[in-house]
Amino acid sequence: MTGQGQQTSPVRILLCDDHVVVRAGLLALLGSEPDIEVVGEAGSGEEAVVLAARLTPDVVLMDLQLGEDIDGVEATRRIAADGTVHVLVLTTYDTDADITRAIEAGATGYLLKAERPEELFAAIRSAAQGRTTLSAPVASRVMARMRSPRPTLTDRERDILAQLSQGLGNRDIARALFISEATVKTHLGRIYDKLGVDTRAGAVSVAKEQRLLP
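Residues numbered from 1 in each chain as written. Predicted model: local features only at pLDDT ≥ 70, side-chain atom pairs only at ≥ 80, totals over all residues. Heavy atoms only, no water.

In the annotation of an unreviewed UniProt entry, the entry for the protein reads Response regulator transcription factor, and the organism field reads Streptomyces microflavus.

(A) Layout of the overall build of the protein. When helices and strands are tallied, the protein shows 10 helices and five strands. For 214 residues, the compact-globule estimate of 2.2 N^0.38 gives 17 Å, and the protein exceeds it by more than 25% at 21 Å. Along the longest, intermediate and shortest principal axes, the C-alpha atoms of the protein span 75 × 35 × 30 Å. Here the protein, with 214 residues, has 42% of them falling under the buried criterion. As presented, the protein carries roughly 11400 Å² of accessible surface, and 50% of it is formed by carbon and sulfur atoms. Distance between charge centroids for the protein: 8 Å, based on 24 positive and 30 negative side chains. (Helix = DSSP H or I, 4+ residues; strand = E, 2+ residues; numbered from the N terminus. Rg over C-alpha atoms; globule rule 2.2 N^0.38 Å. Buried < 20%, exposed > 50% of the residue type's maximum accessible area, 1.4 Å probe, protein only. Areas by Shrake-Rupley, 256 points an atom, 1.4 Å probe, with all protein chains shown as cover. Lys, Arg positive; Asp, Glu negative; His and termini not counted. Charge placed at Lys NZ, Arg CZ, Asp CG, Glu CD.)

(B) Region of the structure containing the pattern of salt bridges. Taken as a whole and assessed by the stated rule, the structure comprises 13 salt bridges. Close ionic contact of Asp-35 with Arg-125 constitutes a salt bridge, the shortest N to O distance being 2.7 Å. Of this pair, Asp-35 sits in the loop between helix H1 (20-30) and strand S2 (36-42) while Arg-125 is found in helix H5 (residues 117-128), placing the two residues 90 residues apart along the sequence. If you follow the salt bridges from partner to partner, you end up with Glu-46, Glu-74, Arg-77 and Arg-78 in one network. (Salt bridge = Lys/Arg side-chain N within 4 Å of Asp/Glu carboxyl O.)

(C) Examining the confidence of the model for the protein more closely. Taken as a whole, the protein shows an average pLDDT of 89; of its residues, 95% reach a score of 70 or greater. This model gives residues 1-7 a pLDDT under 50, and the stretch forms four contacts once residues within four places in sequence are excluded. (pLDDT = per-residue confidence, 0-100. Contact = heavy atoms within 4.5 Å.)

(D) Spotlight on the sheet that holds strand S5 (residues 109-112). An order of S2-S1-S3-S4-S5 is seen for the five strands of this open sheet, with the pairing classed as parallel. Strands at the two margins of the open sheet, each flanked by one partner only, are S2 and S5. Between one strand and the next, the sheet's axes are offset by a mean angle of 25°, whatever the strand orientation. Pairing geometry for strand S3 (residues 59-62) and strand S4 (residues 86-91), over four bridges, is parallel. Following the sheet pairing, Val-59 is matched in S4 by His-86. The sheet contacts of helix H3 (residues 72-80) involve S3 and S4, and relative to S3 the element is tilted by about 170°. (Pairing = 2+ DSSP bridges. Axes fitted to C-alpha atoms, helices over the stretch in contact; angles between N-to-C directions.)

(E) The arrangement of the UniProt feature "domain: Response regulatory" (unreviewed entry) in the protein in detail. Here the UniProt-annotated "domain: Response regulatory" (unreviewed entry) positions come out as residues 12-128. With 45% helix and 22% strand, the stretch residues 12-128 has end C-alpha atoms that lie 8 Å from each other. (UniProt positions renumbered as here; feature names shortened; annotations may be inferred.)

(F) Geometry of the packing of helix H7 (residues 155-165) against helix H8 (residues 170-177). Running from N to C, H7 and H8 point in directions that differ by 130°, and their axes come no closer than 10 Å. Here H7 lies oblique to H8, going by the angle between them. Viewed along their axes, H7 and H8 form a crossing whose handedness is right-handed. Across the interface between the two elements, Arg-156, Asp-159, Ile-160, Gln-163 and Leu-164 of H7 pack against Ile-173, Ala-176 and Leu-177 of H8. When its residues are assigned to classes, the contact of H7 with H8 shows five nonpolar, one polar and two charged. (Parallel < 35°, antiparallel > 145°, perpendicular 65-115°, else oblique. Left-handed = near helix turned anticlockwise from the far one by under 90°. Nonpolar A, V, L, I, M, F, W, Y, C, P; charged D, E, K, R; others polar.)

Shown next as structure tokens:
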């Protein structure tokens, strides 16, 4: 904020969201803060990457789901690669997989759209200084994940899980790995137990969240 006798440049923001109405709402909201300036808007991940390079904003406010174009995670990865522009994710999604992918891609912060405006403003100012800000539910998920170690799978279980993620049935998995269907079923039972699921789809979903797949 600008103090008495000081001149502080506003935080320069690039908005990236594929919904025009959402961008308009954010533009109006951020326009109420004298120390925040929106310098550009992007409706896709590709456009955000181009505009970030051209405008060099302090912070890119990034949605994760961006239609058929590259998603917000990939856009974040490209924008954050040189370390000069900070990316603050602003999304409705708070799954472990989304949070992990965004943070690993280089996001400075991860905020949910349900946050109060004051929280958003504070997160933007923190991101501009390179400080991490996480919504309370996101922080809780990150802490819970850190406290709960990933399940340990054997090499064979990982092989079967990889085949499972490709949509193969037990017979095809058995053929691919040169083992019997009965052996596949036995390993699947152990995989389900370790991952705490009871369906093939559940096993694949948890494996992706826990980064157990190659």
